[in-house]
Each structure stands twice: as C-alpha cells, then as structure tokens.
Amino acid sequence: MALCGVCSTPNLPNLQVFRSVRNSSIGLKRNHSLWQSTSSFRAKVVRFRCSSSLRPSSSNVEEIDEDVDNNPSVSLDGESANVMQFKWSDFKILNCVSIGHGGRADELVFEAIVQVPDSPLFNQGVVLRKLNTTRAQRRGRRAIEVFKKLVRRRLLYHSYSMQVHGYITNNLSDDQYSFTLVHGCHGSFSIRHWLQQSDWLPTLEATLALDEESFRRVGDDTTGGPAVSRQLRLIRILMRDILIGVNYLHSHGLAHTELRLENVHISPVDRHIKVGILGNAADFNGDGPSTSSAYSTMNRRQMMIAFDMRCVGFMMAKMVLQELMDPLIFAKLKSFLAKGNDPSSLREFFVTTLNTNSESGNTGVQILDRNWGAGWHLLSSLIATRPSKRISCLDALKHPFLCGPRWRVAPSMDIIRWGLGSTAVKISEEYIYRMPQRQRLAHFIGLMEMLNPYPKPNCWLELLPGRWRLLYSTGKHIGLTLRQPSTRALIGNVHLTITRASESANNTSLSFTSDIGFTAITSKDWPHNKIGATGKLQTLSQFRLIAGKRLYLKEEKKNIGKFSMGEPDAEEGLAEKLETEKWKKVVPFKEFPSSLPVAKLISGDIEVTMNMNDRIDSPGSVIGEVRKQIPPEMFDLSKLVCGTYIDSRLLVLRCVNGSALLFTRSSLDHMSM
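So, here is what we can say about the structure in this document. (Residues numbered from 1 in each chain as written. Predicted model: local features only at pLDDT ≥ 70, side-chain atom pairs only at ≥ 80, totals over all residues. Heavy atoms only, no water.)

### Comments concerning the overall build of the protein chain
Phase 1 of the analysis: When you go through the protein chain residue by residue, the secondary structure sums to 19 helices and 23 strands.
Phase 2 of the analysis: Within the protein chain, the proportion of its 673 residues that are buried is 51%.
Phase 3 of the analysis: Taking contacts inside the protein chain between residues at least 6 apart in sequence as the whole, the part at least 24 apart equals 68%. (Helix = DSSP H or I, 4+ residues; strand = E, 2+ residues; numbered from the N terminus. Buried < 20%, exposed > 50% of the residue type's maximum accessible area, 1.4 Å probe, protein only. Contact = heavy atoms within 4.5 Å.)

Okay, structure coming up:
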C-alpha cells in the first residue's frame, strides 16, 4: 500500500474532518473536539448478511443490524473470520497519514497495528480507510459484499486481492456519517509508483526476491541477462498475476471496472499482485435475472469483461512502453484509437510518432518485437476496437508472449500470420537488401499469401480503405543506390491512400492515390543535413475490384526470374516448406496449389501531379530521378493487377511483372496532411 505524507502520530478523537460543500475539498484540523462533519447526512443502519459456521460441515445464516454501540471486536463468521467489527480503541495509529489514495479526495488512509490480544490480527499491520462521502461509503460496503461472495475460495482471494478484514463500528462519540474500512497492509507501492522510480527494475526484482523458481513459473529457464530480457521476465510475472486475479473475478460473475496501475499493488510477502479492494466491482447479472432477458445478461457480461480486458491492455502498454507513463503521450495513444485506427497498427504509430528520441532506448519496442512480434499481437488483442474481438483472460494466459521458451505453446493461425508479417516488416526495416535478405522476404511474403485470411472481394472492400505505407518491393530496390546521379533526390515516405466511392455492397469502385514525398538536393555534393527543396509526386487512378485467381505455372519460372530478384527460388523453397509435417498441420491444403484466389484490380485513367515547395531549375530531371528510386508501379498504378494478402495491418499487391509490394497500414492522422 502506498501511503503519501508523514506527520506526527494523530489522536483520532482530536481530529476534525471538514468538507466544503462547494468544492468537496477535504482537510485535517487538530482540536479537542470529536470527529465531526459539516455534512447533514442521516446516520444509516448498516445491515450485513453473513454466514456463521461452528463446524466445517454445518452453517447457519443470520442477519445483523449494526447500530451505534460499544460492542467489542467480534467476528461475524465464527471460525472463518470473514467480516469483523472493530473499535477505534482496538488500534495503535502509526505516524503515516494519507489524504486521498489513487486520486481520491474523499478518503483518509491510516496505517495501524491491531492491539486486541484475542484477535487473529494481533500485532499485525492494517490499513484504516475512512470514507467520508456517500459514494466512498458505497465503495467500502461494496468491498465487504464482494469479500463475502468470494471468501469461499479464500486462498485465491487472499493471493490476488487486498484482504478486507472488516469495518469500524461507530460510537456515539464518533463521526456518525463516516464509514471506516479495515483491510490488509501489503507494505509496497502500487505498480505505477514502482514504474516512476529511476531504478525500478533492480529494486522490484530485489523486492520480489525473484529466483530461478519464479522464472520457471512463467516458462523461463534463465536468470540475469540484458535489461530487455530481465524486463520481459518481470512483465510476464506481473501480467500473469494480474490476469489470474481478473479471471478469478470474472469466473465468479464480477467485473473489476477500475483496473489501473495506481489501484494494483505488489505484495513482497507472498509476491503476488493485489488487484485492489474491489469497491467498484460490478455483477454481471446487474439487478438480477428477473429484470433482464438472458440475451441482455450475456451481452452485459461480454461488455463488462471486454472493458476489464481493455484496462489490462492499457496497463500492459504502460508497463512495457515507458513513454506512455507521460499523460500527454498516453492521451495521444487514446486519441489515436478514438479516431478509428486499428490497434494492430499500433507499432507503426508508436515507432513513427512516439518513439522519436526516446529515453528508454527502444526497450519496450524490443520487448514487443520478440517472438515474431507476439507482444504487439497480445496488446492489440487486449485493446481491440470491437469488444467482441478482445481476448479473454484464459486465452491471454496461453498467449506466446506470456509463455517462456520452456513452455511449448501451439500458436493459432492468427498468431502464425502475425508472426510472418512481423518478421517481414522487421527485415524490411533493417534496410539490408542483399540476396539472402531478398530471398527471405520473398519467402515470407509467399507464405503470407498462402495463408491469406480474406480471399473474398467483399472482405477486401472493407479492409482496403485507408492509408498504407510502402515497406518493400521484391522487384526494385527502394531509395538510394551506388549511382552518381546528376540530380540528387532523397525519397521520403511512399504512401498509397485507398478510398471507397460508395458504401454500397454492389459498388466495387475504389480510388487509389500514390503520394511520394521527396527532397531535391540542388548542390553538387550531398549536404550533411540533407536540406533541399521538398516536394510531392502524386498519382491518382480509379479501380474496380473483382474476384480472380493467381496461377502458379512452373514453365514460366525462367521468364519471371528476370524481374523477381530471387523470388522463383523462394517459390521453390516455399513448395518444399509446405510439404513438411509441421506446415501440413497449418496450411489449409495438402499440396502446393496450382492457383489461389485473389482480388483482381482493373484500373482506369491515371492522373499525375507534382508539387514543389521551392522553385528548382530542372523539375523534369527531378521527376526522372524519383522514378528511378521507386517501384514503377507506384508511379504507374495501372501496373497493379491484384491483391494477394490483406489483414488489419498489412497489404500485399502483385504487379504485372510478378513482383510484390508490401505495405503496412499507417495512421489516419496523416490523411488530411
């Protein structure tokens, strides 16, 4: 429990809580009066329904009306000691006081030690959470209700949630309008506080006393290593504990609804994550099945689980990508998602927008890039735009990102496709295009085309619209070469923007716009800062999308080899790869096919324009140099003949000469630029 602020040991009867009705501010005032409040709420009778068992095999139920009295501390549940009543005199208040916790201004939090010899908590540290508003008191009573509902499986409850011991009964001399919750003191920071420490990684490793046994629990068999490996192991431990705790709630018909880094604590005693006191936990059934149909109840359950999973996704993003701890950068992420961008393109957004001059040295990106980009897949599944597409706790626990190398996990087809695409993107970003790299890229692109999840044109009409950035071409080296051109041009980003003419299912017309950004260098030698006249070459064309097939003809391989830069060899290797036992279990066909369904593109007229921000002497030579450095299909869009692969983040288009263009989906923020 992170407690902020230190003062002298308070004498609770000599403290007064005052609250302004106008701004609801809370303060502390020392005097010789009793606990008072300026509020005019009526004192309410707190009614609890608890079970008391004298023997393990028998139990009875009783209702207790709790009013102001001087009863000693007792357990309402006999041996199980579920909910206990306390008095202020039962505690020794320590010198740590917090006004508000986790951004709440309606709570006073004290550390205390139980001093009742007959209590099972004798000499143990606890937290007294004094709730001063109606909403705060509702949270406290709700925490007790949830505790009584989950206490049947006490081991799991105490492992993954803060232990709620009971409440303090109000005496006549106490503030009759407050409610004080007594819960466990875990003596540690919240995860947010840990991440804000400069040396959080070694300190948290030492606090949790991580050893080989701890790493074996997440499927890892090594210790130490570079910071990336150490942080990945720690994130696996934290994420698995969070998911187990949240799944424990979901399996009992409850949603947490308040999963944030500041509400989740780490206990160095049992080395588990505590997901809070559950004061805002909500039932899946709402008011009960009698007031809602079965369909609406199930829909409510799915929506509440999806909300919790989205919160877990944001927690994971902040733990891995330290830049998101900055509220301004996190606001950019939420804005990125609110504008309709698919979370699967989060890596493109983060690398190009947020990760510039990062202080963490790309550690988070390296962690998520490991295991074929499995971390990006899990993150996008947790914060998926559609609630029905978000991953569940159990599926997340079986995800390759959270399973170490000692655990053999059978990946799904979706994860296999994701891994192939992530590897192709990673190779293209290295910008080393020698023959081995070109063959590997062509090989991965061929595998992606074999496993295309959306072969029908109707799916292409839904997924194609957007802005796509060109990553790689199997037919032409993009950018500068060893040539010494008379006019120098530096190529920037090359985008392909696709818009749909109409949302009608019968209208298959699409508008393709190719945007090529470049900088014309007017000096004879390359300047160090690469400053020159910036410009943009734009090509516009109309297309119709129809169903088609791509034929694999062996007799044409020799002719295609002149254009594909090693692709025929990759195609032969692809056929051999698909015949192995490993891939036979994955691919949807038994032998190498002679054809595959594709989305055929029929082009119309082409319009070419060029805009220059500064005046140059020979614009024709600049256009010629730009055309030499880019694939010809991006200048002449009519050479695009079909689409062979598409998903929410990657696109593969085939050209008339057989070469392939690999695109990644770009952010919608740049479409208006």
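### Side note on the pattern of salt bridges
Any two side chains of opposite charge can pair, given that their charged atoms come close.
Phase 1 of the analysis: Under the criterion given, the structure shown has 16 salt bridges.
Phase 2 of the analysis: Its salt-bridge partner being Arg-230, residue Glu-205 comes within 2.9 Å of it at the nearest N-O pair. On the criterion of sequence distance, the pair formed by Glu-205 in helix α4 (residues 200–208) and Arg-230 in helix α6 (residues 227–251) is long-range, its members being 25 residues apart.
Phase 3 of the analysis: Judged by its relative accessible area of 23%, Arg-230 falls in the partly exposed class.
Phase 4 of the analysis: Put simply, Glu-449 and Arg-654 hold a salt bridge, and the shortest N to O gap is 2.8 Å. Of the two residues, Glu-449 sits in helix α13 (residues 435–450) while Arg-654 sits in strand β22 (residues 650–655), which places them 205 residues apart along the sequence. Taken as a pair, Glu-449 and Arg-654 share a single burial class, namely buried. (Salt bridge = Lys/Arg side-chain N within 4 Å of Asp/Glu carboxyl O.)

### Considering the pairing of strand β16 (residues 466–473)
Phase 1 of the analysis: Among the 8 residues that make up β16, 8 are buried, leaving the element largely enclosed by the rest of the structure.
Phase 2 of the analysis: Of the strand pairs in this sheet, β16 and strand β17 (residues 488–500) are connected by 4 bridges, and their pairing is antiparallel. Within β17, the residue paired with Arg-467 across the bridge is Thr-497.
Phase 3 of the analysis: Relative to strand β23 (residues 660–665), β16 is paired through 5 bridges, and the arrangement is antiparallel. Bridging from a neighbouring strand, Arg-469 pairs with Thr-664 of β23. (Pairing = 2+ DSSP bridges.)

### A word on the packing of α4 against α6
Describing two packed helices takes the angle between their axes plus the distance from one axis to the other.
Phase 1 of the analysis: Interhelical geometry of α4 versus α6 gives an angle of 50 degrees and a closest axis separation of 11 Å. If you check the angle between α4 and α6, you find them oblique. In this structure, the crossing between α4 and α6 has a hand that is left-handed. Along the contact surface, α4 presents Trp-200, Leu-201, Pro-202, Leu-204, Glu-205 and Leu-208, while α6 presents Ala-227, Arg-230, Gln-231, Leu-234 and Leu-238.
Phase 2 of the analysis: Within the contact of α4 with α6, the residues separate by chemical class into 8 nonpolar, 1 polar and 2 charged. (Axes fitted to C-alpha atoms, helices over the stretch in contact; angles between N-to-C directions. Parallel < 35°, antiparallel > 145°, perpendicular 65-115°, else oblique. Left-handed = near helix turned anticlockwise from the far one by under 90°. Nonpolar A, V, L, I, M, F, W, Y, C, P; charged D, E, K, R; others polar.)

### Here we look at unusual backbone geometry
Phase 1 of the analysis: Phi is positive for Leu-278, which is not a glycine, with a value near 65 degrees.
Phase 2 of the analysis: Looking at where Leu-278 falls in the secondary structure, it is placed in the loop between β14 (272–274) and β15 (282–283).
Phase 3 of the analysis: Under the relative-accessibility criterion, Leu-278 is labelled buried at 4%.
Phase 4 of the analysis: Of note in the backbone geometry, Asn-371 takes a positive phi value of approximately 55 degrees without being a glycine.
Phase 5 of the analysis: Among the structural elements, Asn-371 can be located in helix α10 (residues 363–382).

### Describing α4
Phase 1 of the analysis: Burial in α4 covers these residues: Trp-200, Leu-201, Leu-204, Glu-205 and Leu-208. Seen along its axis, α4 keeps its buried residues to an arc of 125 degrees; they face one direction.
Phase 2 of the analysis: Check the buried side of α4 and you find it contacts α3 (191–195), α6 and β13 (265–267). (Arc of directions from axis to C-beta.)

### So, the pairing of strand β9 (residues 125–131)
Phase 1 of the analysis: Within β9, 6 of the 7 residues are buried, leaving the element largely enclosed by the surrounding structure.
Phase 2 of the analysis: Bridging between strand β8 (residues 107–114) and β9 involves 7 bridges; their strand directions are antiparallel. Bridge pairing in β9 places Ile-113 opposite Gly-125.
Phase 3 of the analysis: Here 6 bridges tie β9 to strand β11 (residues 179–184), and the two strands are oriented antiparallel to one another. Bridge pairing in β11 links Val-127 to His-183.

### Considering the packing of aromatic side chains
Phase 1 of the analysis: With the rule as written, the count across this model stands at 6 aromatic pairs.
Phase 2 of the analysis: For the ring pair Phe-86 and Phe-91, a centre distance of 5.2 Å and an interplane angle of 45 degrees mean the geometry is tilted. Summarising the burial analysis for this pair, Phe-86 and Phe-91 share the class buried.
Phase 3 of the analysis: With a centroid separation of 4.4 Å and 45 degrees between ring planes, the pair formed by Phe-512 and Phe-543 is classed as tilted. With a gap of 31 residues between them, Phe-512 in strand β18 (residues 509–521) and Phe-543 in strand β19 (residues 533–551) connect regions that are remote in the sequence.
Phase 4 of the analysis: Of the residues examined, Phe-512 reaches a relative accessible area of 1% and is grouped as buried.
Phase 5 of the analysis: Of the residues examined, Phe-543 reaches a relative accessible area of 1% and is grouped as buried.
Phase 6 of the analysis: Against the face of Trp-418 rests Arg-649, its NZ or CZ located 3.7 Å from the ring centre. (Phe/Tyr/Trp six-rings, centres within 6.5 Å; stacked < 30°, edge-to-face > 60°. Lys NZ or Arg CZ within 6 Å of the ring centre and 35° of its normal.)

### Quick notes on the layout of surface pockets
Phase 1 of the analysis: Quantified by volume, the largest pocket comes out at close to 1,300 Å³.
Phase 2 of the analysis: Lining the largest pocket are 40 residues, with Asp-342, Ser-344, Tyr-454, Leu-463 and Ser-648 positioned closest to its centre.
Phase 3 of the analysis: Of all the secondary-structure elements, those providing two or more residues to the lining of the largest pocket are α10, α12 (413–430), α14 (457–463) and β16.
Phase 4 of the analysis: By residue class, the composition of the lining of the largest pocket is 16 nonpolar, 12 polar and 12 charged. (1 Å grid on protein atoms, 1.4 Å probe; cavity = no way out; pocket = protein on both sides within 12 Å on 5 of 7 lines; lining within 4 Å. Points joined across faces, edges and corners; volume = space filled by probe spheres on them.)

### Details of the sheet that holds β18
Phase 1 of the analysis: The strand order around the closed barrel built from 8 strands is β16-β17-β18-β19-β20-β21-β22-β23, with neighbouring strands paired in antiparallel fashion. Ignoring which end each strand starts from, the neighbouring axes of this sheet average 35 degrees apart.
Phase 2 of the analysis: The sheet contact formed by β18 and β19 spans 12 bridges and is antiparallel. In the sheet register, Asp-515 faces β19, and the bridge partner there is Gln-538.
Phase 3 of the analysis: Each of β16, β21 (640–646), β22 and β23 touches α12; the most contacted strand, β16, lies at about 65 degrees to it.
Phase 4 of the analysis: Against the sheet, helix α18 (residues 619–629) touches β17, β18, β19 and β20 (595–612), its axis set at about 70 degrees to β17.

### A few points about the side chain of Asn-452
Phase 1 of the analysis: Tracing the sequence through the fold places Asn-452 in the loop between α13 and α14.
Phase 2 of the analysis: In terms of polar contacts, Asn-452 uses its side chain to reach the backbone carbonyl oxygen of Thr-644, at 3.4 Å.
Phase 3 of the analysis: Asn-452 has contacts with Arg-417, Trp-460, Thr-644, Tyr-645 and Ile-646, leaving out every residue within four places of it along the chain. (Polar contact = N/O pair within 3.5 Å; in protein donor to acceptor, adjacent residues only side chain to side chain.)

Treat this as a map of the structure, not an account of what it does.
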